Amino acid sequence: MNDKQSVQESFILMVSCKGLCGIVAAIGNFLADRGCYITSMSQFDDVESDRYFSRVTFTTSAHHPASLDELKDAFKATAASFEMDWDIYDAAERPKVLLMVSKFDHCLQDLFYRQKTGELKIDITAVVSNHEDLREFVESNDVPFHYLPVNPENKAAQENKLLEIVDSTKSELVVLARYMQILSNDLCRKLSGRAINIHHSFLPGFKGAKPYHQAFDRGVKLIGATAHYVTADLDEGPIIEQVVERVDHAFMPDDLVAAGRDSERLALAKAVRFHIERRVFMNGHRTVVFK
Ligand SMILES: Nc1nc2c(c(=O)[nH]1)N[C@@H](CN(C=O)c1ccc(C(=O)N[C@@H](CCC(=O)O)C(=O)O)cc1)CN2
């Protein structure tokens, strides 16, 4: 019997697999047999892809203490019986996140602020930039700043240096917080599912580096921002979060840029939070997000 009062640790189980009868019972029995208490359970059955997705948060108890490794080892058999893609995470862990930026600082500063206030429970391991503009801000926050200017001749070498920094800092997530260089196909493959970009338009909409000018020319009444996983197809990655804002005829391009900053900050911060709280599943070229 799990005594909720003597809670040990909190964990998050993520599961995706072919939709089959008995999945929920199998997960429930696995946890109950170990005296674990389910604190939340979200699930989605995608009939189109015949994929089942579930996020379960649970606690262990003092009567049945279990480490993350013990739980993962024990779950292997259940997972194999349903050919699950799965993982279990310690809910108290602070994921290591590397940030990338070019010149625009609003998203970067917002992430630093949310980390500082405790809203975003991450460790910012480093900032990589192709410009020096934000070195002072980053270093004033005691975070390493890596200046990696990119041109067609040195792009591959600079991307290798980026990967070395990702590996040496044990960063599990890379966030492109208005990083304005296109990552190569090879780098996108190596960062698949762990690189999030903020695109400064409401996709599908205005792709590329200057969406606000396109929005002005088109005379839109709504603008927005899209946070998505980075893929080799520019601005086509699976969408995690979008934010929109109403505008009108009086907005000039610079007004749209200014209005768009809020949407970008919010969309990116929410997408990063959803990812590190293990709420986002890849589902083909789409995502399932348990909010
Ligand atoms: N492989 C990918 N790399 C990047 C993506 C992506 O979706 N896949 N998103 C961009 C961010 N971005 C829009 O959100 C974007 C950035 C830059 C450009 C662009 O045309 N850049 C020019 C150079 C511009 C400059 O130096 O200021 C270029 O690279 O030739 C388009 C879209 C981040 N990377």
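Residues numbered from 1 in each chain as written. Predicted model: local features only at pLDDT ≥ 70, side-chain atom pairs only at ≥ 80, totals over all residues. Heavy atoms only, no water.

The protein chain has the name Formyltetrahydrofolate deformylase in an unreviewed UniProt entry, where Leeia speluncae is given as its organism. Per its UniProt entry, the protein chain bears the Sequence similarities (unreviewed entry) comment "Belongs to the PurU family." Its UniProt record gives the protein chain a comment under Function (unreviewed entry), which states: "Catalyzes the hydrolysis of 10-formyltetrahydrofolate (formyl-FH4) to formate and tetrahydrofolate (FH4)." (UniProt positions renumbered as here; feature names shortened; annotations may be inferred.)

Visitor: Describe the site of the ligand, listing the residues and the values that go with them.
Guide: Close contacts around the ligand come from 17 residues, with Gln181, Leu183, His199, Thr231 and Asp235 the closest. In the environment of the ligand, a nitrogen atom lies 3.4 Å from a nitrogen or oxygen atom belonging to the backbone of methionine 180. In this structure, an oxygen atom belonging to the ligand sits 2.9 Å away from a main-chain N or O atom of aspartate 235. Alone, the ligand offers 700 Å² of accessible surface; in the complex the protein occludes 76% of this. The element that contributes the greatest number of residues to the shell around the ligand is strand S9 (residues 195–199), accounting for 3 residues. The residue makeup of the shell around the ligand, split by class, is 10 nonpolar, 6 polar and 1 charged. (Near = heavy atom within 4 Å. Polar contact = N/O pair within 3.5 Å; in protein donor to acceptor, adjacent residues only side chain to side chain. Areas by Shrake-Rupley, 256 points an atom, 1.4 Å probe, with all protein chains shown as cover. Helix = DSSP H or I, 4+ residues; strand = E, 2+ residues; numbered from the N terminus. Nonpolar A, V, L, I, M, F, W, Y, C, P; charged D, E, K, R; others polar.)

Visitor: Explain a nonpolar patch on the surface to me, using residue names and the numbers behind them.
Guide: Together, Val24, Ile38 and Met41 make up a nonpolar patch on the protein surface, roughly 200 Å² of accessible area in all. Within the secondary structure, isoleucine 38 is located in strand S2 (residues 37–46). By relative accessible area, isoleucine 38 is classed as partly exposed at 32%. (Patch = residues over 30% accessible without salt bridge, like charges linked within 9 Å, V, L, I, M, F, W, Y side chains within 5 Å. Salt bridge = Lys/Arg side-chain N within 4 Å of Asp/Glu carboxyl O. Buried < 20%, exposed > 50% of the residue type's maximum accessible area, 1.4 Å probe, protein only.)

Visitor: Describe unusual backbone geometry, with residues and values.
Guide: Along the chain, leucine 203 connects to proline 204 via a cis peptide bond; the corresponding omega equals -10°. Considering the arrangement of structural elements, one finds proline 204 in the loop between S9 and helix H7 (211–218). Phi angles above zero are rare outside glycine, and lysine 170 is one such case at about 55°. Within the secondary structure layout, lysine 170 lies in the loop between helix H5 (155–168) and strand S8 (173–176).

Visitor: Talk me through the packing of helix H1 (residues 23–33) against helix H2 (residues 68–81); I want residue IDs and the actual numbers.
Guide: Interaxial distance between H1 and H2 falls to 11 Å at its minimum, and their mutual angle equals 145°. Considering only the axes of H1 and H2, their crossing is right-handed. Judged by residue contacts, Ala26, Ile27 and Phe30 of H1 engage Leu71, Ala74, Phe75 and Thr78 from H2. Looking at the contact of H1 with H2 residue by residue, the classes come out as 6 nonpolar, 1 polar and no charged. (Axes fitted to C-alpha atoms, helices over the stretch in contact; angles between N-to-C directions. Left-handed = near helix turned anticlockwise from the far one by under 90°. Contact = heavy atoms within 4.5 Å.)

Visitor: Go over the pattern of salt bridges with me, naming the residues and quoting the values.
Guide: Scanning all chains against the criterion turns up 22 salt bridges. Notably, a salt bridge pairs lysine 72 with aspartate 87, separated by 3.2 Å at the nearest N-O pair. Placement of the pair is lysine 72 in helix H2 and aspartate 87 in strand S4 (residues 85–90), with a sequence separation of 15 residues. Classification of lysine 72 by relative accessible area gives partly exposed; the value is 24%. Overall, aspartate 87 belongs to the partly exposed group, its relative accessible area being 22%. Note that aspartate 262 and arginine 265 form a salt bridge whose closest N and O atoms lie 2.7 Å from each other. You can see aspartate 262 and its partner arginine 265 sitting in helix H8 (residues 253–276), 3 residues apart, about one turn around the helix. A single salt-bridge network, built from bridges that share partners, covers Asp46, Glu48 and Arg286.

Visitor: Any chance you could break down the nonpolar core for me, citing the residues and the numbers?
Guide: Leu99, Val127, Val175 and Leu268 are the most contacted members of the largest nonpolar core, which has 33 residues in total. Mapped onto this core, the elements with two or more residues apiece are strand S5 (96–101), helix H3 (106–116), strand S6 (123–129), S8, S9, strand S10 (222–229), strand S11 (239–246) and H8. Counting residues per element, this core draws most heavily on H8, which supplies 7 residues. Formed by 20 residues, the second largest nonpolar core is a distinct cluster that contains Leu13, Ala26, Phe58 and Met84. (Core = buried A, V, L, I, M, F, W, Y, C linked by side-chain atoms within 4.5 Å.)

Visitor: Provide a residue-level description of H2, including the pertinent values.
Guide: Compared with the 20 Å implied by 1.5 Å per residue over 14 residues, the 21 Å span of H2 between its first and last C-alpha is a close match. Along H2, the largest kink reaches about 35° and is centred on phenylalanine 75. Along H2, the residues that are buried comprise Leu71, Phe75, Thr78 and Ala79. Backbone geometry just downstream of H2 places glutamate 83 in the positive-phi region, at approximately 50°. (Expected span 1.5 Å × (residues − 1). Bend = angle between axes of the 7 residues up to and from the residue.)

Visitor: Describe the UniProt feature "active site" (unreviewed entry) in the protein chain, naming the residues involved and giving the relevant values.
Guide: Taken from the UniProt record, the annotation "active site" (unreviewed entry) applies to Asp235. With respect to the element layout, aspartate 235 can be found in the loop between S10 and S11. Side chain to side chain, aspartate 235 and histidine 199 meet in a polar contact 3.3 Å long.

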